[in-house]
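Report on the structure
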Amino acid sequence: ELLLTASAPDGGATDPALARRLGRFVDELVIWAVPMVNPDGVWAVLNDSKRSDRKNGRDNNGDGRIDSRDGVDLNRNYPYRWGSLGQKGSSSSGSSDYYRGPTAASEPEVQALLRLYDSEHPLASVSFHTGTVALLAPHTIGGATSPTPDEAWLVADLDSGAVRELGRGVHQ
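If you're wondering where the values come from, they're calculated on a predicted model, not measured in any experiment.

About the criteria used
- Residues numbered from 1 in each chain as written.
- Predicted model: local features only at pLDDT ≥ 70, side-chain atom pairs only at ≥ 80, totals over all residues.
- Heavy atoms only, no water.
- Salt bridge = Lys/Arg side-chain N within 4 Å of Asp/Glu carboxyl O.
- Helix = DSSP H or I, 4+ residues; strand = E, 2+ residues; numbered from the N terminus.
- Buried < 20%, exposed > 50% of the residue type's maximum accessible area, 1.4 Å probe, protein only.
- Phe/Tyr/Trp six-rings, centres within 6.5 Å; stacked < 30°, edge-to-face > 60°.
- Lys NZ or Arg CZ within 6 Å of the ring centre and 35° of its normal.
- Patch = residues over 30% accessible without salt bridge, like charges linked within 9 Å, V, L, I, M, F, W, Y side chains within 5 Å.
- Areas by Shrake-Rupley, 256 points an atom, 1.4 Å probe, with all protein chains shown as cover.
- pLDDT = per-residue confidence, 0-100.
- Contact = heavy atoms within 4.5 Å.

Moving on: the pattern of salt bridges. With the rule as written, the count across this model stands at six salt bridges. Here D73 makes a salt bridge to R54, at a shortest N to O gap of 3.0 Å. Within this pair, whereas D73 is found in the loop between helix 3 (39-46) and helix 4 (108-120), its partner R54 is found in the loop between helix 3 and helix 4, the two being separated by 19 residues in sequence. Residue classification places D73 among the buried residues on the basis of a relative accessible area of 0%. R76 is the partner of D73 in a salt bridge, and the nearest nitrogen-oxygen pair spans 2.9 Å.

See the structure below:
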């Protein structure tokens, strides 16, 4: 919706400064939108499955059927500091909702996004999650050094301003 707002003929926002900033993003940057990273999780929700919507459809126990003990939490499968916090924040147990997978980047969905990042070298990445009202940006693990300037946080900050603007009913 943010991109649609920014590309609207009138800029889509009532705040002229915000409209200029959003318009500049659309006019000057290449923007990739990945509409869904975990189709297996969406399937679980749409089919009222007992499986966690956090996890993909990996058959962890190899029994030929996907049940509540199967799958990998794709958010915890990325290689950056994979498993560095031990059982805090992720789990090595395949039956956990927060199972990080057998190895870093073991899942095809994560591998696909890593290939996109390798080919496009994005300046920033912002992830919207349906389970919470939050904008997630990289480098949020305690003790990890963030780049300066941290472009991902700058984009998230701009995006959150636009979302607040939209939330006031300014854009229909």
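With that out of the way, let us pick up the packing of aromatic side chains. Enumeration over the complete set of coordinates arrives at zero aromatic pairs. The ring of W82 carries the charged tip of R100 above its face, separated from the ring centre by 5.4 Å.

Moving on, we come to a nonpolar patch on the surface. On the surface, M36, V42, V45 and L46 cluster together into a nonpolar patch covering about 380 Å² of accessible area. Tracing the backbone through its elements, the reader meets L46 in helix 3.

Take the environment of G89 next. Looking at where G89 falls in the secondary structure, it is placed in the loop between helix 3 and helix 4. Taking the relative accessible area as the measure of exposure, G89 reaches 52% and is therefore exposed. Taking the C-alpha atoms as reference points, G89 and R76, separated by 13 residues in sequence, lie 8.3 Å from one another.

Turning to the environment of R81, a few remarks are in order. For R81, the location among the structural elements is in the loop between helix 3 and helix 4. For the pair R81 and A104, spaced 23 residues apart in sequence, the C-alpha to C-alpha distance is 8.9 Å.

As a further point, take the confidence of the model for the protein chain. The pLDDT averaged across the protein chain works out to 78; a share of 65% of its residues lies at or above 70. For the protein chain, helix 1 (residues 2-7) is the element with the lowest average pLDDT, namely 50, and helix 4 is the one with the highest, namely 93. The low-confidence segment residues 166-172, where pLDDT is below 50, has eight contacts with residues more than four positions distant or belonging to other chains.

This next bit is on the environment of K55. Take K55: it is sitting in the loop between helix 3 and helix 4. Each C-alpha atom of the pair K55 and R76 lies 9.8 Å from the other, and the pair is 21 residues apart in sequence.

The general pattern is negative phi for most residues beyond glycine and trans for most peptide bonds. Positioned with a positive phi, D48 is a non-glycine residue whose angle comes to about 50°. Mapped onto the elements, D48 comes out in the loop between helix 3 and helix 4. Residue D48 is classed as exposed on the basis of its relative accessible area, which comes to 69%. Phi is positive for R81, close to 50°, though the residue is something other than glycine.

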